[in-house]
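Topology and contacts: notes
Each chain, letter by letter, is given below.
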Amino acid sequence: MSNHIIVAIDGYSSCGKSTLAKALAKKLNFIYVDSGAMYRAVALYFLRDKTDLKDHAKITAALKNIHLNFHSRDYQTHITLNDEEVSEEIRQMPVSDSVSAVAAIHEVRKEMVKQQQRMGRSKNIVMDGRDIGTTVFPNATIKFFMTADPKVRAERRFKELQPKNPDITLEYVFENLAHRDYQDTTRAESPLRRAEDAIILDNTDLTPDEQLLFALSMVEPFL
Ligand code: DC
C-alpha cells in the first residue's frame, strides 16, 4: 500500500469532472492532472502535422517528438506541447472533433498511460479522465464515476464554447457530445466504463458546491 493518495475521477464528456477535480485538488492541496488535455494536445499535434491516423509507424515516430508538460497556476490546466502553451487551442472545435479518434489509438494510449502513472508515483493527486480508475490507477485510493443528463451536459458545454464560437449551436454541441460518448464507450482499447468500486456521482441536479461537499465527505476518511 502506497502512502500517498490518488483520487480517480472518470465519466462522460462535459459532466463536470474537471470542475470537481480542480475544486477537490485545491481544497486538499493535491496536484490536479487533466488527462483529457494530454489526448487533446496529441490530437492538436496530429492535426497540425496532418498525420494519417491509420499510419501506425508514423504515429509511433511522432509520439517521440511530442513533449507535454503541465504548469499548474490556480489549479487551471496549463499544458505545453513542445514548450508552446496550447491550453486555449486544445479546447477549440477542430481538436474536439478529432480527439476521440486519436484517443482510440493503441500507441497513443500506451504512451499517455505511462506518463500518467509516472505523475502519480509519489504525489497526492486528483486525475480526471475516462480510464483513470480502470486502467491508469486500478488501485486508486478512491474512485468517482460522474454522469449527468445529456441535455444538461450539452447546455453546460454550449455556455462554455459560445463566447468564443458565436456561430455554434446547441444542437451541434449535443451531437458532438453524443458522438464522443459513442466513441469513448465503444472503442476497443480502454473503453469508458465504471470501475466496479467507483462511487457514482450524478450531478444533473447538483451545484458545483454540492458535488464538492459530497466528494469531500467520501475522501475525508482516507486523509
Ligand atoms: O475530457 P476531455 O473532453 O478533455 O477528453 C478529450 C478526449 O480524450 C475524449 O474524447 C476522451 C479522451 N480521453 C480518454 O480517452 N482517456 C482519458 N483518460 C481522458 C480523455
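What this report covers is the structure whose coordinates are included nearby. Each chain has its residues counted from 1, following the order in which its sequence is written. Predicted model: local features are reported for residues with pLDDT of at least 70 only, side-chain atom pairs are reported and counted for 80 or more only, and whole-chain, interface and lining totals are derived from all residues. Computation of side-chain values covers all heavy atoms of the structure but excludes hydrogens and water.

**Focus: unusual backbone geometry**
Of note in this structure, Ser 14 is not a glycine but carries a positive phi near 55°. In this text, helices come from DSSP runs of H or I with a minimum length of four residues, and strands from runs of E with a minimum of two, each type numbered from the N-terminal end. Within the element layout of this structure, Ser 14 appears in the loop between β1 (6–11) and α1 (17–28). With a relative accessible area of 13%, Ser 14 lands in the buried category. You will see that Asn 29, though not glycine, has its phi angle at about 60°, which is positive. Only protein chains enter the accessibility calculation, which uses a 1.4 Å probe. A residue is then buried if its area is under 20% of the maximum for its type, exposed if over 50%, and partly exposed in between.

**Re the environment of Leu 192**
The residue Leu 192 is located in the loop between α8 (170–186) and β8 (199–202) in this model. The contact definition used throughout considers only heavy atoms, calling two residues in contact when any of these lie within 4.5 Å. With sequence-adjacent residues up to four places away left out, Leu 192 is seen in contact with Gly 11, Tyr 12, Arg 130, Phe 145, Asp 184, Thr 185 and Arg 187.

**Considering the sheet that holds strand β5 (residues 84–85)**
Taken in spatial order, the 3 strands line up as β3-β4-β5 in an open sheet, and their pairing is antiparallel. Looking along the sheet, the strands with just one partner apiece sit at the ends: β3 (68–70) and β5. Pairing between strands is defined by DSSP: at least two bridges between the two strands are required. Pairing analysis gives 3 bridges linking β3 to strand β4 (residues 79–81), with the strands arranged antiparallel. Bridge pairing in β4 places Phe 70 opposite Ile 79. The sheet strands contacting helix α2 (residues 35–49) are β3, β4 and β5, and the helix crosses β4 at an angle near 30°. Fitted lines through C-alpha atoms give the axes, limited to the stretch in contact for helices. The angle between two N-to-C directions lies from 0 to 180 degrees.

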